[in-house]
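Structural description and commentary
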Amino acid sequence: SPASGEGDQLLPPLPPPSLTEIITMFATQASMSLQQGADPNEKQRSEHLGYAKHFIDLLAVVEEKTKGNLNDEETKMLESLLHDLRMAYVSR
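A brief report on the enclosed structure follows. No experiment lies behind these values; they were computed from the predicted model shown.

1. Side note on the overall build of the protein chain
Across its full length, the protein chain carries three helices and zero strands. Reading the secondary structure of the protein chain in the N-to-C direction produces α-α-α. By residue count, 22% of the 92 residues in the protein chain fall in the buried class. Sequence-distant contacts in the protein chain: of pairs separated by 6 or more residues, those separated by 24 or more amount to 63%. Here the protein chain has roughly 6,800 Å² of accessible surface; of this, 56% comes from carbon and sulfur atoms.

In structure tokens form, the structure reads like this:
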């Protein structure tokens, strides 16, 4: 395609767009921010935790706005990720 660059051939193919991908993307960002904010000696700790909270809150928005429209697998995935991320955030 005209929009793809030469380097695209070196990357693995992208999965099809889906709600699961959106959930996974936000959860990954939250998890990475929690890991970066885990070092109490790190000067930017609160900034990383702020980002983690933001991505957790985005997942909560997805949960609220899609309530009643998700299949069982999507619902369980979202609830589980939100629970785990919230517990990790609180423990920090």
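2. A few points about the nonpolar core
Of all hydrophobic cores here, the largest spans 15 residues; its most connected members are Leu59, Leu78 and Leu85. Within the residue set of this core, elements represented by two or more residues are helix 1 (19-36), helix 2 (45-66) and helix 3 (72-91). Among the elements that take part in this core, helix 2 stands out by supplying six residues, more than any other. Once you skip the residues sitting within four places of it in the chain, Leu85 turns out to touch Ala27, Ala30, Ser31, Leu34, Ile56 and Leu59.

3. With respect to the environment of Arg86
Looking at the element boundaries, Arg86 is found in helix 3. What makes Arg86 partly exposed here is its relative accessible area of 37%. For the pair formed by Arg86 and Ala52, sequence separation is 34 residues and the distance between their alpha carbons is 9.4 Å.

The rules behind each value
Residues numbered from 1 in each chain as written. Predicted model: local features only at pLDDT ≥ 70, side-chain atom pairs only at ≥ 80, totals over all residues. Heavy atoms only, no water. Helix = DSSP H or I, 4+ residues; strand = E, 2+ residues; numbered from the N terminus. Buried < 20%, exposed > 50% of the residue type's maximum accessible area, 1.4 Å probe, protein only. Contact = heavy atoms within 4.5 Å. Areas by Shrake-Rupley, 256 points an atom, 1.4 Å probe, with all protein chains shown as cover. Core = buried A, V, L, I, M, F, W, Y, C linked by side-chain atoms within 4.5 Å.

Honestly, that's just the spatial picture; any functional story needs more than this.
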